[in-house]
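# Per-entry structural report
Residue-level listing of the chains:
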Amino acid sequence: PVAPGGGGKVPEQTQLWVVVYQVSDVNRARQVRDLLRYSGSGVRSCVFEIAATEHHMRRLLDRLALHLDESDHVRVYRVCQRCQASTRIFGDGELAGRSVAVIV
């Protein structure tokens, strides 16, 4: 997208993504986990939350695909702003990319 008035590109907005995977081979599973860990935060075994632009996520998924074969399963969910606002978390933690208020 181009900024109004023709002045350069509009920066992409960061969105929340949830990636759930099941990789059959231990070595490939480790490579997938390490790639996702570098990009986001682990929620549970094989579940990651990633705050990223759509462009960054496309690049990440292209890299992720290099470590998968046809027996593996990966699901990627985009979490819209409205859904993020209504998300409830029980236990420790925050959604990746959610602003955290610090009271001093």
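Anything mentioned here points back to the structure above.
Here's what I pulled together on the structure shown here.

What counts, and where the lines are drawn
- Residues numbered from 1 in each chain as written.
- Predicted model: local features only at pLDDT ≥ 70, side-chain atom pairs only at ≥ 80, totals over all residues.
- Heavy atoms only, no water.
- Core = buried A, V, L, I, M, F, W, Y, C linked by side-chain atoms within 4.5 Å.
- Buried < 20%, exposed > 50% of the residue type's maximum accessible area, 1.4 Å probe, protein only.
- Helix = DSSP H or I, 4+ residues; strand = E, 2+ residues; numbered from the N terminus.
- Pairing = 2+ DSSP bridges.
- Axes fitted to C-alpha atoms, helices over the stretch in contact; angles between N-to-C directions.
- Parallel < 35°, antiparallel > 145°, perpendicular 65-115°, else oblique.
- Left-handed = near helix turned anticlockwise from the far one by under 90°.
- Contact = heavy atoms within 4.5 Å.
- Nonpolar A, V, L, I, M, F, W, Y, C, P; charged D, E, K, R; others polar.
- Phe/Tyr/Trp six-rings, centres within 6.5 Å; stacked < 30°, edge-to-face > 60°.

## Concerning the nonpolar core
Counting residues in hydrophobic clusters, the biggest one holds 14 residues, and the most contacted among them are Tyr21, Val32, Leu36, Ile50, Met57 and Leu60. Elements with a minimum of two residues in this core: β1 (15–22), α1 (26–39), β3 (47–52) and α2 (54–65). It is α1 that contributes the most residues to this core, 4 residues altogether.

## Some remarks on the pairing of strand β2 (residues 41–44)
Here β2 pairs with β3 via 3 bridges, running antiparallel. Considered in β3, the bridge of Arg44 is made with Val47. Counting the residues in the hairpin turn of β2 and β3 gives 2 residues, including Cys46, whose phi is positive at 70°.

## Overview of the packing of α1 against α2
Interaxial distance between α1 and α2 falls to 10 Å at its minimum, and their mutual angle equals 165°. With respect to α2, the axis of α1 lies roughly antiparallel. Taken as a pair, α1 and α2 cross one another with a handedness that is right-handed. The segment α1 lies against α2, with Val32, Leu35, Leu36 and Ser39 engaging His56, Leu60, Arg63 and Leu64. Taken together, the residues of the contact of α1 with α2 sort by class into 5 nonpolar, 2 polar and 1 charged.

## With respect to unusual backbone geometry
Despite not being glycine, Cys46 shows a phi value in the positive range, around 70°. Within the fold, Cys46 resides in the loop between β2 and β3. The class for Cys46 is partly exposed, based on a relative accessible area of 27%.

## Some points on the packing of aromatic side chains
Inspection of the entire model under this criterion finds 1 aromatic pair. Judged by centre distance (6.4 Å) and plane angle (25°), the ring pair of Tyr21 and Phe48 falls under stacked. Here the residue Tyr21 occupies a position in strand β1, and Phe48 occupies one in strand β3, the gap between them amounting to 27 residues. Across this residue pair, the class does not change: Tyr21 and Phe48 are buried.

## Points about the pairing of β1
Counted residue by residue, β1 has 6 buried out of 8 residues, so it is predominantly covered. With 6 bridges connecting them, β1 and β3 associate as antiparallel partners. In the strand pairing of β3, Trp17 is matched with Ile50. Across 7 bridges, β1 lies against strand β4 (residues 73–79) in antiparallel orientation. For Val20, the partnering residue across the bridge sits in β4 and is Arg75.

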